[in-house]
Amino acid sequence: MPPAITTPATQKSEIGTLEFTDGYPTRETAAKLRDHLDYLHGVDTFLNTIHGVSTYALREGFLEAGIADGDVAVFSGLMDSASLFLTGNADTVYFWSFLDLSQGPLVVETPADTLGCIDDMWFGWISDFGLPGADRGQGGTYLLVGPGYDKPLPEGGCYVRHSRTNHITLIGRAFINANPGNDPAPTVAQIKDQLKIYPYAVGGIGSSIGAYLRGRGPLGAPGTPASPRFVEGTGRVMNTIPPNDFGHFEFLDRLVQLEPAEALDPELAGQFAAIGIVKGETFAPDERLRAILDEAVAVGNAAARTIGMGALPSDGFRYYDGDTAWWNMLFVGGFEFTNPPPNITADGVQLFPNRGARQLHSRTSMFYTATAITPAMCMRLTGVGSQYLLANVDPDGNPFDGARTYRVRLPKDIPAERFWSLTVYDNQTRSMLQTPQRYPRAGSQMYPTPAAEAEPDGSTVVYFAPTAPDGVAAGNWIQTDPAKGWFVVLRLYSPLQPFFDKTWRPGEIELVD
């Protein structure tokens, strides 16, 4: 009998000594392994469901703030630090909604000159709209179809998109840089005038009489375009952050019960089932399992936070060669967390070979730190979309201390066609840092804080400190909290080639005193 296929009578392990009687586990070993397997399933479930629980927490936050499904939260004065949103920005006008497709498809007419995406309740990408979408920034009509819908769909006249979940989220960002004084009011007015959301009328627009006469569908009246109820978001106190304790599993169970079983991959659903979360069943862990899951969520959260803060260099998230704190988690796996986004060459799109594997740490990092997903977040295409670099530590590898003063130098010709910005976030909440400075950002726009002033050589220096350094312009200082750690995101909207070929590179964030 080859030794490699046998199990020894005694085996040392991290969970203690495991004992077998000619291959059969003792009662104590079986109980020990049962507990450990439950623990492993709990950790895996936490790490593999951050994206879904995050989406569910967002919707819960909206509902608790009085923003119902179908309503649209619009941030007329831009998003500030009053609410808790994972790495939201204070540069664009957000308009954000959750929609319910369980009663039938919905028509969404999107406003022009926006950057937006539509995701399902597992943050699975459904469609872009606006500049990277099918309407290419001109505004378009999208027909959003939920799972199981089997009635006729239009022949044309709209962009048909299918969702695997009944509930979906629509996230739009509209620009203010072209407005005099970067005033958001004209942009908000355009959103409210052009955004329409209404039920799809079967056999209406997009369905020809010819198709009806050939028996290919009914004939009906066109749907009636309708404006949604807009709810002001600026200054509204909301918590959209998912819990990092046992509440994570409770949110996951509610999400599983909310959506069709078919929305889940059976392998992933099997992890949930292993700890008692099953569609159509009550999640009620006993005292033993509850204690194990409490431990699993603590370790899972610690692991997710470590990955989500870019603290594992082996993950390959560093954007530049050599010693640098600037990183981005998306370029190793793209928006689907499988393969890097394609290169854009003179001969067209150059795809990377399919590796056939999910980049799990990339996905964990993304959704522990941020919300929504779209190809526009990591495509190597100039003049469209947005790009992001994060930094969590100084050149010595120390996390930023809110009681100290730091500075960063951005070389001249910052590669952003529309605008650039730096925004500071609270390490704990991953939301905008709350200080007397409501908008913890600096950038090229003059609203909602003064535009950053350039140095004589064209570079721009921004300071991070609890009080404004002497002689530093208001637009070049972001306030920190002495009691809190922080990190920063550099945003480039409509990025230019020097970002992608890395001939332009931001300086490191250095400690001043």
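Residues numbered from 1 in each chain as written. Predicted model: local features only at pLDDT ≥ 70, side-chain atom pairs only at ≥ 80, totals over all residues. Heavy atoms only, no water.

Q: Got a minute to help me understand the nonpolar core in this structure?
A: Nonpolar side chains in soluble globular proteins generally cluster together in the buried interior. Of all hydrophobic cores here, the largest spans 96 residues; its most connected members are Phe62, Phe95, Trp96 and Met366. Here the element with the most residues in this core is helix α7 (residues 287-308); it accounts for 7 residues. Aside from chain neighbours lying at most four places away, what touches Trp96 is Leu58, Phe62, Asp71, Val72, Ala73, Met79, Phe85, Thr169, Leu170, Ile171 and Thr371. Ranked by size, the runner-up nonpolar core spans 30 residues in total, among them Tyr406, Leu410, Val424 and Val462. (Core = buried A, V, L, I, M, F, W, Y, C linked by side-chain atoms within 4.5 Å. Buried < 20%, exposed > 50% of the residue type's maximum accessible area, 1.4 Å probe, protein only. Helix = DSSP H or I, 4+ residues; strand = E, 2+ residues; numbered from the N terminus. Contact = heavy atoms within 4.5 Å.)

Q: Please clarify how a nonpolar patch on the surface should be interpreted in this entry.
A: There is a patch of nonpolar side chains on the surface, built from Ile209, Tyr212, Leu213 and Leu219 and spanning about 430 Å² of accessible area. If you trace the backbone, Leu219 turns up in the loop between α4 (209-213) and β13 (230-232). (Patch = residues over 30% accessible without salt bridge, like charges linked within 9 Å, V, L, I, M, F, W, Y side chains within 5 Å. Areas by Shrake-Rupley, 256 points an atom, 1.4 Å probe, with all protein chains shown as cover. Salt bridge = Lys/Arg side-chain N within 4 Å of Asp/Glu carboxyl O.)

Q: Where do I start with the pairing of strand β7 (residues 114-120) in this structure?
A: Regular strands have side chains that alternate between both faces of the sheet. Judged by how many residues are buried, β7 sits mostly within the fold: 7 of 7 residues are covered. Taken together, the 7 bridges between β7 and strand β11 (residues 167-174) define a ladder with antiparallel strand orientation. In the sheet register, Gly116 faces β11, and the bridge partner there is Gly172. Bridging between β7 and strand β8 (residues 125-130) involves 5 bridges; their strand directions are antiparallel. (Pairing = 2+ DSSP bridges.)

Q: Sorry if this is basic, but what is going on with the pattern of salt bridges here?
A: Working definition: two side chains of opposite charge can pair if their charged atoms are close together. According to the stated counting rule, one finds 12 salt bridges in the structure shown. Notably, a salt bridge pairs Arg288 with Asp38, separated by 2.9 Å at the nearest N-O pair. Taken together, the residues span a long stretch of sequence, with Arg288 in helix α7 and Asp38 in helix α1 (residues 27-47) at a distance of 250 residues. Judged by relative accessible area, which is 27%, Arg288 ranks as partly exposed. By relative accessible area, which is 11% here, Asp38 ends up buried. Here Asp426 ties to Lys484 by a salt bridge, and the two come within 3.3 Å at their closest N and O atoms. Residue Asp426 is located in strand β19 (residues 416-426), and its partner Lys484 is located in the loop between β22 (477-479) and β23 (485-495); the two are separated by 58 residues in the primary sequence. Through salt bridges with shared partners, a single ionic network connects Arg34, Asp35, Asp38 and Arg288.

Q: Please explain the packing of aromatic side chains as it appears in this structure.
A: The relation between two aromatic rings is expressed through the spacing of the ring centres and the mutual angle of the planes. This model, assessed by the stated rule, comprises 28 aromatic pairs. Clustering of aromatic rings is evident, with ring pairs tying together Phe62, Phe75, Phe85, Tyr94, Trp96 and Phe98. Against the face of Phe175 rests Arg418, its NZ or CZ located 4.0 Å from the ring centre. Note that Arg430 overlies the ring of Tyr368, its terminal NZ or CZ placed 4.0 Å from the centroid. (Phe/Tyr/Trp six-rings, centres within 6.5 Å; stacked < 30°, edge-to-face > 60°. Lys NZ or Arg CZ within 6 Å of the ring centre and 35° of its normal.)

Q: What exactly am I supposed to notice about the sheet that holds strand β2 (residues 16-21) here?
A: For sheets, the rule is that strands pair by backbone hydrogen bonds, running either parallel or antiparallel. Strands sit in the order β1-β2-β3 across an open sheet of 3 strands; the sheet is antiparallel. Edge strands, defined here as strands with exactly one partner in the open sheet, are β1 (10-13) and β3 (24-25). Pairing between β1 and β2: 4 bridges, direction antiparallel. By the bridge assignment, Thr10 is partnered in β2 with Glu19. In this fold α1 packs onto β2 and β3, with an angle of close to 130 degrees to the strand it touches most, β2. (Axes fitted to C-alpha atoms, helices over the stretch in contact; angles between N-to-C directions.)

Q: Looking at this model, I keep getting lost on empty space enclosed by the protein. Mind explaining?
A: Empty space among the atoms becomes visible once a probe the size of a water molecule is rolled across them. Enumeration according to the criterion identifies 2 cavities of 30 Å³ or more in this entry. In this model, the largest cavity occupies a volume close to 340 Å³. Taken together, 27 residues line the largest cavity, and the ones lying closest to its centre are Thr87, Ala370, Thr371, Met377 and Tyr388. There is about 50 Å³ of room inside the second largest cavity. Listing elements by their share of the lining of the second largest cavity, those giving two or more residues are α2 (50-64) and α8 (360-369). (1 Å grid on protein atoms, 1.4 Å probe; cavity = no way out; pocket = protein on both sides within 12 Å on 5 of 7 lines; lining within 4 Å. Points joined across faces, edges and corners; volume = space filled by probe spheres on them.)

Q: Whenever I open this one, the environment of Arg358 confuses me. Can you help?
A: With respect to the helices and strands, Arg358 occurs in the loop between β15 (348-350) and α8. As for Arg358 and Leu213, which are separated by 145 residues in sequence, their C-alpha atoms are 48 Å apart. If near-sequence neighbours (up to four positions away) are discounted, Arg358 is found in contact with Glu336, Phe337, Thr338 and Arg363. Among the polar contacts made by the side chain of Arg358, one reaches the main-chain carbonyl oxygen of Glu336 at a distance of 2.8 Å. (Polar contact = N/O pair within 3.5 Å; in protein donor to acceptor, adjacent residues only side chain to side chain.)

Q: Would you take a moment to explain α2 for this structure?
A: Here α2 contains 15 residues, and its C-alpha end-to-end distance of 21 Å stays within 8% of the 21 Å for a straight helix at 1.5 Å per residue. α2 sits mainly inside the fold: 13 of its 15 residues count as buried. Of the residues flanking the end of α2, it is Gly66, one or two places downstream, whose phi is positive at about 85 degrees. (Expected span 1.5 Å × (residues − 1).)

Q: Hey, could you run me through the pairing of β8 in this one?
A: Burial analysis of β8 places 5 of its 6 residues in the buried class, which makes it a mostly covered element. Counting the residues between successive antiparallel strands, the hairpin from β7 to β8 contains 4 residues, one of them, Phe123, with a positive phi of roughly 50 degrees.

Q: Just to check I follow, could you spell out the layout of surface pockets for this structure?
A: Space inside the largest pocket adds up to approximately 490 Å³. Along the wall of the largest pocket there are 20 residues; nearest its centre are His51, Arg164, Glu336, Arg358 and Arg363. Of all the secondary structure elements, the ones that give two or more residues to the lining of the largest pocket are α6 (266-274) and α8. Top element by residues in the lining of the largest pocket is α8. It accounts for 3 residues.

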